[in-house]
Amino acid sequence: MNKGTTRALRFGGRYVAETLYTPLLELEEAWMACTQDPGFEEELGSLLASYVGRPTPLYFADRLSHEVGCKVYLKREDLCHTGAHKINNTLGQCLLTRRMGKTRVIAETGAGQHGVATATAAALLGLECEVYMGVQDMRRQALNVFRMELLGARVIPVEGGSQTLKDAINEALRDWAANLDSTHYVIGSVVGPHPYPTMVRDFQAVIGKEAKRQILEAEGRLPTHCVACVGGGSNALGLFYPMEGDPVEFIGVEAAGAETLSLRGEPGVLHGFHSYFIQDPHGQIIPTDAIAAGLDYPGVGPQHSIYRETGRARYFSISREEALRGFVTLSRLEGIIPALESAHAVGWLLAHKEELSPDALVVVCLSGRGDKDVQSVEEMLSAKGSGLECV
Ligand SMILES: *Cc1c(COP(=O)(O)O)cnc(C)c1O
């Protein structure tokens with residue numbers, strides 16, 4: 001076994017306090033039971049179709065293809081109900097909660113996107129929902145706080161520490177340990193202790209399963225490249241995983257300021273799992289600074305660390321300017337305003353078009369829509385002096 005493989009085997013795991021060990025085993029058992037139960041798949045599949053709007057289109061982006069110099073398809077997760085892929089996972093976990101006989105879900109949220117997706121699925125399924133959020137994040141994202149309340153959730157302010165996402169995660173873990181009988185903790189990406197990374201991957205794999213079938217129908221061949229932005233890594237893994245055994249190149253795109261795999265991260269342990277994290281030499285986490293809230297996390301799911309060490313996927317970071325160029329270019333060429341997160345994936349295409357041959361066939365995961373980002377993009381562009389002209 002080479003060194004890379006030995007190291008790769010260590011990623012993931014269940015690095016938690018003893019009080020959470022048994023609940024994680026129970027969760028794994030409940031989840032395994034659901035994967036064996038055709039009734040669960042049927043119930044989830046039916047809600048994904050009638051409520052979320054799946055399958056989402058795989059759209060041939062003609063004008064973008066001309067700009068890039070090869071065929072580009074967009075997997076339109078921006079057309080999911082609530083405007084992003086996160087609902088695929090929160091709906092699955094809320095359904096699992098009901099199956100486990102629990103009545104309450106909790107979640108943590110930074111910018112509010114995962115909180116809103118959890119509150120939405122909880123409203124749909126009649127579950128009580130409480131969302132932990134740092135007070136600083138609550139101030140910055142006041143509208144998402146109201147959105148969650150409108151959906152019937154209670155937002156619990158977290159005053160401790162840096163008053164942001166990582167403190168909210170700690171509070172949510174504490175709540176979970178104290179209320180195990182009634183409560184399931186909904187984690188929002190392919191991160192956290194086992195079985196979360198595997199379970200979230202399986203809920204998001206609907207993206208790649210559909211995309212694979214759709215591209216074979218449209219083109220009669222597999223894509224040469226799959227491209228997706230990476231925060232925790234769930235939309236990317238959802239697209240990649242069903243094509244893991246196929247000769248398809250995987251490109252993960254991180255944001256400048258949060259380049260966990262492409263530049264600054266080192267293996268370590270945080271939030272119950274072993275993976276790459278952006279940390280100082282003593283293992284203290286360094287705060288990240290990405291322009292897209294969904295990419296602003298100092299770690300990445302363990303499967304991406306494995307992909308990186310085995311070379312199965314390549315990871316790049318995209319600068320603010322390149323991401324803004326992706327945001328504006330997709331809007332102008334295709335009439336689609338992408339989430340700033342997804343704009344990083346488009347930005348990679350524009351920045352790397354020289355390395356794509358004319359017969360390349362690229363699938364880009366458009367993880368979300370950009371309505372939420374229009375105001376901040378306007379501010380960033382006008383701060384640079386000349387608005388849209390400088391892109
Ligand atoms: C949360 C979010 C992301 C990042 O999360 P992943 O788990 O890496 O997919 C990307 N895009 C959008 C639109 C998001 O809301």
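Values in this document were obtained by computation on a predicted structure and should not be read as measured data.

Reading the values: rules and limits
- Residues numbered from 1 in each chain as written.
- Predicted model: local features only at pLDDT ≥ 70, side-chain atom pairs only at ≥ 80, totals over all residues.
- Heavy atoms only, no water.
- Axes fitted to C-alpha atoms, helices over the stretch in contact; angles between N-to-C directions.
- Helix = DSSP H or I, 4+ residues; strand = E, 2+ residues; numbered from the N terminus.
- Parallel < 35°, antiparallel > 145°, perpendicular 65-115°, else oblique.
- Contact = heavy atoms within 4.5 Å.
- Nonpolar A, V, L, I, M, F, W, Y, C, P; charged D, E, K, R; others polar.
- Near = heavy atom within 4 Å.
- Polar contact = N/O pair within 3.5 Å; in protein donor to acceptor, adjacent residues only side chain to side chain.
- Areas by Shrake-Rupley, 256 points an atom, 1.4 Å probe, with all protein chains shown as cover.
- 1 Å grid on protein atoms, 1.4 Å probe; cavity = no way out; pocket = protein on both sides within 12 Å on 5 of 7 lines; lining within 4 Å.
- Points joined across faces, edges and corners; volume = space filled by probe spheres on them.
- Expected span 1.5 Å × (residues − 1).

Chemist: I'm lost on the packing of helix 15 (residues 320-334) against helix 16 (residues 340-351) in this one. Help?
Modeler: For any two helices packed against each other, the geometry is given by the interaxial angle and the distance between the axes. Direction vectors running N to C along helix 15 and helix 16 enclose 95°, while the axes themselves pass 7 Å from each other. For the element pair helix 15 / helix 16, the angle class is roughly perpendicular. In contact with E322, A323, L324, R325, G326, F327, T329 and L330 of helix 15, helix 16 contributes L340, A343, H344, V346, G347, L350 and A351. Along the lines of polarity and charge, the residues of the contact of helix 15 with helix 16 split into 9 nonpolar, 4 polar and 2 charged.

Chemist: Can you help me understand the site of the ligand in this one?
Modeler: Contacts to the ligand come from 17 residues, most closely from K86, Q113, S189, G231 and S234. H85 has a polar side-chain atom sitting 2.9 Å from an oxygen atom of the ligand. One of the side-chain N or O atoms of S234 is found 2.7 Å from an oxygen atom in the ligand. Here the ligand, which alone exposes 380 Å², has 97% of that area covered by the protein. Residue classes in the shell around the ligand are distributed as 4 nonpolar, 11 polar and 2 charged.

Chemist: Hey, could you run me through the layout of surface pockets in this one?
Modeler: Over the atoms a probe the size of a water molecule is rolled, and this reveals where empty space is left. By volume, the second largest pocket is sized at about 440 Å³. Around the second largest pocket sit 19 residues that line it, and E41, L44, D202, V206 and K209 are the ones nearest its centre. Put simply, the parts of the chain that give the lining of the second largest pocket at least two residues each are helix 2 (18-36), helix 3 (38-52), helix 10 (196-204) and helix 11 (206-219). Per element, the largest residue contribution to the lining of the second largest pocket is 5 residues, and it comes from helix 3. Here the lining of the second largest pocket is composed, by residue class, of 11 nonpolar, 2 polar and 6 charged.

Chemist: Would you explain helix 15 in this entry?
Modeler: Since the α-helix turns once every 3.6 residues, residues separated by three or four places project in the same direction. Under the 1.5 Å per step criterion, the end-to-end length of helix 15 is 21 Å for 15 residues, consistent within 8% with the ideal 21 Å. Positioned one or two residues after helix 15, G335 has a phi angle of 70°, which is positive.

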